[in-house]
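Working through the structure, step by step
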Amino acid sequence: MTEKNTTPPNTSAADAATTAAQDVEAIMKKYDRESNTRIYTGVPKMVVRYLFVAFSLFCIWMNLYANWDERIRRTSFLGMIILMVFIMYPARKGKAGKPNHIPVIDIILGLLGSACYFYYTFNCSAIIKRSSRITDFQILVGVIGILILVEACRRVVGLPIIFVATAFIIYAFTQNYTKPMFGLKNIVYQLFYTTNGIIGTPLNVCSTFIVLFIIFGAFLEATGISQFFIQCANAIAGSSSGGPAKVAVISSALCGMVSGSSVGNTVTTGSVTIPLMKDTGFESNFAGAVEAAASTGGQIMPPIMGAAAFLMAEMCGVPYKDIAIKAILPALLYFIGIFIMVHFRAKKKGLKGLSKDQLPKLRNLITRVYLLLPLVLLVVIIMRGFTMSRAAVLATLCAIGVSLLNTGIAKITSQPDENTMTPSRFFDALENGAKNTLSVAVSCAMAGIIAGVVTMTGLGAVLVTTITTLANGHLIIALFLTMITCIILGMGLPTTATYIIMATTCAPILVSGMGLNLIAANMFVFYFGIVADITPPVALAAYAGAAIAKANPMKTGAAASKLAIAAFIIPYVFSLNPAMLFIDTNAIEVIMIIITSLVGMIGLSSGLEGYLLRDMNTIERIAAGAAGLMLIYPGTATDIIGLAVVIILVLIQLRSRSSDKAVA
């Protein structure tokens, strides 16, 4: 069915841009709960704005200078988060109400919830001295604090994580029949007053590393680096076959280093790339799928990756730089796989790229390469052993400097630049950093409940025994069961929350029960927590891409899952052979892994798309797919067989193509 253009013929460019912006905002509010916020104008808007600015400045100061007990740091952080959630988020999705209006009940909940955590902040010493002998009043404070946190989570994150947390709490209460220590008093004490629950490791990482890197990302966005990445991608690949789709892959990989939101990446870059893909000749479903798959992969792209990567470093007890380095090869294979499949689809359909007249010149973009300075500085200072907090702050200062450089260049050239740093844009970045922290912080606090129950009840040991018994000693079976669990639990959940749940429950199974390397196990659950965003039936990133493309959401999700096939294969590979993560290996082996994996992705992609140098028949597709899998898996025998099959297929295709030309 032909799609009709609903834009009136006399619509101006400005009106069209406004309409497009409104469409993007509507899509974000539909598929991204974080975008469903109240509207403030006038003085209330300024009050809310500077409250968020103050929060960002407080977090920076607290991490650089405050020498507080960790419990004081975490409870004060969460107390402010709770208050800001009720200020920004209405009780029902899509029901923001009239501007500047907050229902009385929301004011009460925000103040009461915040007061519960600040009660802990100001009475920390007394609470520590009492240990588990908490009073009835303190039990009441804990219960109210937990319940209001749950309501805050429902508003900003959604119901799925609440269902999971509730199931774990019910499990804790059911232990009361055999273990009296799991009564209300002890459960509240463990979950609310100890660092094994709400204010545990996840919230600690969020209140230190994650919040500062979110603020850094907001300042990096203010430099115009996202537009720079898109322009670079256009200059590099825009004119090639199926150019806009390749631009979507490259720009999403680059922009994903800045933003950790699958839906946000899909909508931001997709609003530009998806219409271009459709104009070039790609089907609507495929166009939406390309953007969703590429944007989702942004969370695994070093050096920043998603917020969950910082938690992984803490869970594994290794420096973050080690996680980022080990993630390089799998991330590159992921994006190369999507890029190759897009290329084969374009060649199969005979699609062209954009006219070079429409594209920016790469030589003109070189003058703006200074925009990369904050990222380069971040990598350098992390590698030199700086603390993550200090690295984030220094990189943020560099981003501010880059924005000021934009201002200076704009004055010299007399050309206005929307990315120049002004006081207003400075406060915008601080405000956005605080807003973007809310969902991650609430997710971390809720995930702390789950981690607390696992620790308190010994559920981890039960799960290890159960899965190990089901797997019967076979690692591949344990990995498959873990994958299914990750995808199911990850439906509709932020990646951060999914990772914490899986790292608490499933990763220990793979490590202690099956002997898997600790980092490989955590990376495994991290990957499958991410792909839940594009795996039907609840594939939020794919749904957002489908909304922009005006396509069928389920078909878009299925196409995105196919494009992201590498994300379903690579975790098994590095789990069975951690050499792909640069674990227990050497330089020669790494080089061979890179070469064979790249050839393997070509073979696998050609088999899935049915095209290499020309259309492939069924036997050729099966052979190409099998050869690709053998090459991706590190091993001498499988590499030789896979490479031989790929070479034979290329020779057959070359001969057939020559015959076709001779006949023509």
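Along every chain, residues carry numbers that run from 1 in the direction the sequence is written. In view of the model being predicted, local features appear only for residues whose pLDDT reaches at least 70, and side-chain atom pairs are presented and counted only at 80 or more, with totals across whole chains, interfaces and linings using the full set of residues. Side-chain measures were taken over the full set of non-hydrogen atoms in the model, leaving aside hydrogen atoms and water.

From N to C terminus, the protein chain includes 31 helices and zero strands. The rule is simple: take the accessible area with a 1.4 Å probe, protein chains only, and divide by the maximum for that residue type; under 20% is buried, over 50% is exposed, in between is partly exposed. Evaluated residue by residue, the protein chain yields a buried proportion of 54% over its 664 residues. The contact rule is simple, with two residues in contact once any of their heavy atoms fall within 4.5 Å. Within the protein chain, contacts between residues separated by at least 24 positions form 78% of all contacts whose residues are at least 6 apart in sequence. Working note: accessible area of the protein chain is about 27300 Å², and carbon and sulfur atoms make up 65% of it. By the criteria applied, helices consist of DSSP H or I runs no shorter than four residues and strands consist of E runs no shorter than two, each listed in order from the N terminus. Areas reported as accessible are Shrake-Rupley estimates using a 1.4 Å probe. Residue values count occlusion only from the protein chains shown.

One side-chain nitrogen of Lys or Arg within 4 Å of one carboxyl oxygen of Asp or Glu is enough to make a salt bridge. Under the definition given, this model contains 14 salt bridges. Across the salt bridge formed by Glu151 and Arg154, the nearest N and O atoms sit 2.8 Å from each other. In this pair, Glu151 and Arg154 both sit in helix α6 (residues 136-156), three residues apart, roughly one turn of the helix. Between Glu431 and Lys435 there is a salt bridge whose closest N-O contact spans 3.1 Å. You can see Glu431 and its partner Lys435 sitting in helix α20 (residues 423-457), four residues apart, about one turn around the helix. Residue class for Glu431 comes out buried when judged on its relative accessible area of 10%. Judged by relative accessible area, which is 26%, Lys435 ranks as partly exposed. When salt bridges that share partners are traced, they join Arg38, Asp106, Glu151, Arg154 and Arg155 into one network.

Note on aromatic contacts: the rings of Phe and Tyr and the six-membered ring of Trp form a pair at centre separations within 6.5 Å, being stacked when their planes are under 30 degrees apart, edge-to-face when over 60 apart, and tilted otherwise. Per the stated rule, a full pass over the model turns up 26 aromatic pairs. Aromatic side chains Tyr119 and Phe137 sit 5.6 Å apart centroid to centroid with 80 degrees between the ring planes, which places their arrangement in the edge-to-face category. Of the two residues, Tyr119 is situated in helix α4 (residues 104-122) and Phe137 in helix α6; the sequence distance between them amounts to 18 residues. Taking 5.7 Å as the distance between ring centres and 70 degrees as the angle between the ring planes, the aromatic pair formed by Phe426 and Phe427 counts as edge-to-face. With a relative accessible area of 26%, Phe426 lands in the partly exposed category. Only lysine NZ and arginine CZ atoms are considered, and such an atom sits over a ring when it is within 6 Å of the ring centre and within 35 degrees of the ring normal. Looking at Arg49, its charged tip hangs above the ring of Tyr50, at a distance of 5.7 Å from the centre.

Here we take up the nonpolar core. The set of buried Ala, Val, Leu, Ile, Met, Phe, Trp, Tyr and Cys residues whose side-chain atoms join them within 4.5 Å is what this entry labels a nonpolar core. Ile81, Phe192 and Ile198 are the most contacted members of the largest nonpolar core, which totals 213 residues. Here the element with the most residues in this core is α20; it accounts for 16 residues. Ignoring sequence-local partners within four residues, the contact set of Ile81 consists of Phe55, Thr437, Leu438, Ala441 and Val442.

This part covers unusual backbone geometry. Although it is not a glycine, Lys550 sits at a positive phi angle of roughly 55 degrees. Residue placement: Lys550 occurs in the loop between α26 (540-549) and α27 (553-563).

Turning our attention to empty space enclosed by the protein. Method remark: on a 1 Å grid restricted to protein atoms, a set of points is classed as a cavity if a 1.4 Å probe fits but cannot get out and as a pocket if it is open with protein on both sides within 12 Å along at least five of seven lines; lining residues have an atom within 4 Å of a point. Grid points are joined across faces, edges and corners, and a volume is the space filled by probe spheres set on the points. All chains considered together, the criterion is met by two cavities of 30 Å³ or more. Empty space within the largest cavity amounts to approximately 40 Å³. In terms of lining residues, the largest cavity is bounded by Ile602, Gly603, Ser606, Leu612, Met616, Ala624, Val646 and Leu649. Those elements giving two or more residues to the lining of the largest cavity turn out to be α29 (587-609) and α31 (636-663). Element by element, the count of residues in the lining of the largest cavity is highest for α29, at three residues. Note that Gly is not counted as nonpolar here; it falls among the polar residues with everything else outside the nonpolar set of Ala, Val, Leu, Ile, Met, Phe, Trp, Tyr, Cys and Pro and the charged set of Asp, Glu, Lys and Arg. Grouping the amino acids of the lining of the largest cavity by side-chain chemistry returns six nonpolar, two polar and no charged. Looking at the second largest cavity, its volume works out to about 30 Å³. Forming the walls of the second largest cavity are Thr296, Gly297, Ile300, Tyr334, Tyr527, Ile530, Val531 and Ala567. If you list the elements that add at least two residues to the lining of the second largest cavity, you get α13 (284-297) and α25 (518-530). Its residues assigned to classes, the lining of the second largest cavity comprises six nonpolar, two polar and no charged.

A separate point is helix α9 (residues 201-222). Because each turn of an α-helix spans 3.6 residues, side chains separated by three or four positions end up pointing in the same direction. The length a helix should cover is 1.5 Å for every residue beyond the first. Between its first and last C-alpha atoms α9 spans 31 Å; for 22 residues at 1.5 Å apiece the expected length is 32 Å, and the two agree. Here the bend at a residue means the angle between the axes of two seven-residue stretches, the one that ends at it and the one that starts at it. The principal kink in α9, of about 40 degrees, is found at Ser207. Downstream of α9 by one or two residues, Gly224 has phi in the positive range, about 85 degrees.

We now examine the confidence of the model for the protein chain. A residue's pLDDT is the predictor's confidence in that residue, given on a scale from 0 to 100. Predicted confidence across the protein chain gives a mean pLDDT of 84, with 89% of residues reaching 70 or more. Note on residues 1-20: pLDDT is under 50 here. Beyond four places in sequence and across chains, it has five contacts.

What follows covers the side chain of Ser389. Looking at the element boundaries, Ser389 is found in helix α19 (residues 388-413). A relative accessible area of 10% places Ser389 in the buried class. Non-local contacts of Ser389, meaning those with residues more than four positions away in its chain, are made with Asn63, Thr208, Phe209 and Leu212.

Quick look at the packing of α6 against helix α8 (residues 184-193) now. To obtain each axis, a line is fitted to C-alpha atoms, and for helices this fit is confined to the stretch in contact; angles are then taken between N-to-C directions over 0 to 180 degrees. For the pair α6 and α8, interaxial distance at closest approach is 9 Å and the crossing angle is 60 degrees. Between α6 and α8, the angle is such that the two are oblique. Note that α6 runs across α8; the crossing there is left-handed. In this structure, α6 uses Gln138, Ile139, Val141, Gly142, Val143, Gly145 and Ile146 to contact α8, whose residues at the interface are Leu184, Lys185, Val188, Leu191, Phe192 and Tyr193. Roughly parallel covers angles under 35 degrees, roughly antiparallel covers those over 145, roughly perpendicular covers 65 to 115, and oblique covers all other angles. In this scheme the crossing of two helices becomes right-handed for a clockwise turn of the near helix relative to the far one and left-handed for an anticlockwise turn of less than a right angle.

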